[in-house]
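Commentary on secondary and tertiary structure
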Amino acid sequence: MVPSEYVTQEAPARDAAQGRPDPNRQPAEKLIVALDFPDAPQALALVDRLEGQCRWFKVGLELYLATGNSVVETLKRRGFSVFLDLKLHDIPNTVAGAMRSVARLGADMLTVHASGGPVMLTAAAEALAGVPKPPRLLAVTVLTSMDAAQLTTIGISATPGEHALLLAQIAASSGISGLVCSPEEAAQMRKILPASTLVTPGIRPAGAAIGDQKRIATPASALAAGADYLVVGRPITQAADPADAASHILREME
Ligand code: C5P
């Protein structure tokens, strides 16, 4: 049970001005390629191969910790949209400060862990409220690499779907309407929080290696479930021909 003083359904979305993106936009506007590389030359070599096909790139911890802000600035200078996936999770004051520091970078999306709780989430949303052209803030619900057995080991007896929904409702009532969730629970999220922006990793085209992901779906079924953006890493980055892999996925998304 979440104490009622923390979850109020009435909390206005502090990022409402950004709204849900148009579900009918082009597939290239919905595909986010995860640049999980150890250095900028490797990441930018992939960007070069996908230029003209892909418009969104995700910079996660591996690349960001290796390169700092420069890779984000380079991608922005080249006209790409950037999802900066730092999955922040700390005390409210620290996360609010981190939001203000990172907002200056010009990334288009930014993540915090919903499990940081309502006070932290509210502090994150409020810290961005004063920033001109703020990034879209996304709350990460349950990682797509977690299954029911792993949740049990950290003391959570709910299913991943139930727990993801609880975290999504906490994020929504803290003023955050962007969510990262598995495609498996996207349909339920869309039903309960229809105005939310859903970003789904755990995307695997038929026949692709699953790796460490647990709660997965194909590109077409993730979109059918109501996802607004698909995050795809290894099925593109580790493919023998990344441009060909990306174009297959974009065709399936159509
Ligand atoms: O290679 P793969 O397609 O599994 O990459 C998925 C990407 O999405 C990774 O960069 C990972 O950090 C990210 N991600 C995820 N699950 C979440 C949030 C982000 O897999 N819940």
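My aim in this report is to walk through the structure given alongside it, one point at a time.

The rules behind the values
- Residues numbered from 1 in each chain as written.
- Predicted model: local features only at pLDDT ≥ 70, side-chain atom pairs only at ≥ 80, totals over all residues.
- Heavy atoms only, no water.
- Near = heavy atom within 4 Å.
- Polar contact = N/O pair within 3.5 Å; in protein donor to acceptor, adjacent residues only side chain to side chain.
- Areas by Shrake-Rupley, 256 points an atom, 1.4 Å probe, with all protein chains shown as cover.
- 1 Å grid on protein atoms, 1.4 Å probe; cavity = no way out; pocket = protein on both sides within 12 Å on 5 of 7 lines; lining within 4 Å.
- Sits in = over half its atoms within 2 Å of the grid points.
- Nonpolar A, V, L, I, M, F, W, Y, C, P; charged D, E, K, R; others polar.
- Helix = DSSP H or I, 4+ residues; strand = E, 2+ residues; numbered from the N terminus.
- Buried < 20%, exposed > 50% of the residue type's maximum accessible area, 1.4 Å probe, protein only.
- Lys, Arg positive; Asp, Glu negative; His and termini not counted.
- Salt bridge = Lys/Arg side-chain N within 4 Å of Asp/Glu carboxyl O.
- Contact = heavy atoms within 4.5 Å.
- Core = buried A, V, L, I, M, F, W, Y, C linked by side-chain atoms within 4.5 Å.
- Pairing = 2+ DSSP bridges.
- Axes fitted to C-alpha atoms, helices over the stretch in contact; angles between N-to-C directions.
- Expected span 1.5 Å × (residues − 1).

1. Comments concerning the site of the ligand
Around the ligand sit 17 residues, and of these Asp36, Lys58, Arg204, Gly233 and Arg234 come closest. Here a nitrogen atom of the ligand and a side-chain polar atom of Thr144 are 2.8 Å apart. A distance of 2.9 Å separates an oxygen atom of the ligand from a polar side-chain atom of Gln213. For the ligand, the accessible surface in isolation is 470 Å², of which the surrounding protein chains cover 88%. Counting atoms within 2 Å of the grid points, the majority share of the ligand lands in the largest pocket. Counted by class, the shell around the ligand contains eight nonpolar, three polar and six charged residues.

2. Topic: the side chain of Arg25
When you line up the elements, Arg25 lands in the segment before β1 (31–34). The side chain of Arg25 sits in the buried core without any salt bridge; Asp228 is the nearest counter-charge, 4.9 Å away. Only 3.0 Å separates the side chain of Arg25 from the backbone oxygen of Asp22, close enough to count as a polar contact. A polar contact is formed between the side chain of Arg25 and the backbone oxygen of Asp228, at a distance of 2.7 Å. Beyond its immediate chain neighbours, meaning those up to four positions away, Arg25 contacts Lys30, Asp228 and Tyr229.

3. A short note on the nonpolar core
Ranked by size, the top nonpolar core spans 73 residues in total, and within it Leu84, Met99 and Val112 carry the most contacts. Sort the elements by how many residues they give to this core and helix α5 (residues 118–129) lands first, with seven residues. By size, the runner-up hydrophobic cluster in this structure holds eleven residues, among which are Ile32, Met109, Leu138 and Val140.

4. Brief notes about the sheet that holds strand β7 (residues 197–200)
The strand order around the closed barrel formed by eight strands is β1-β2-β3-β4-β5-β6-β7-β8, and the pairing between neighbours is parallel. Going from strand to strand, the sheet's axes swing by 25 degrees on average, the running direction of each strand aside. Pairing analysis gives four bridges linking strand β2 (residues 56–59) to strand β3 (residues 81–88), with the strands arranged parallel. Among the inter-strand pairings, Phe57 is bridged to a residue of β3, identified as Val82. Sheet strands touched by α5: β3, β4 (109–113) and β5 (136–140). Its angle to β4, the strand with the most contacts, is close to 160 degrees.

5. A look at helix α7 (residues 160–173)
Along an α-helix, residues three or four positions apart point the same way, because every turn accommodates 3.6 residues. In a regular helix each residue adds 1.5 Å, so 14 residues correspond to 20 Å; α7 covers 20 Å between its end C-alpha atoms and thus fits that length. Listed as buried for α7 are Pro160, His163, Ala164, Leu165, Leu167, Ala168, Ile170, Ala171 and Ser173. Buried-residue contacts for α7 involve α5, β5, α6 (148–153), β6 (178–180) and α8 (183–192). One or two positions beyond α7, positive phi appears at Gly175, with a value near 95 degrees.

6. Overview of unusual backbone geometry
In this model, Lys87 sits at a positive phi of 45 degrees, which is unusual for a non-glycine residue. Counting through the fold element by element, Lys87 comes out in strand β3. The class for Lys87 is partly exposed, based on a relative accessible area of 28%. A positive phi angle, near 45 degrees, is found at Lys133, a position not held by glycine. The topology assignment puts Lys133 in the loop between α5 and β5.

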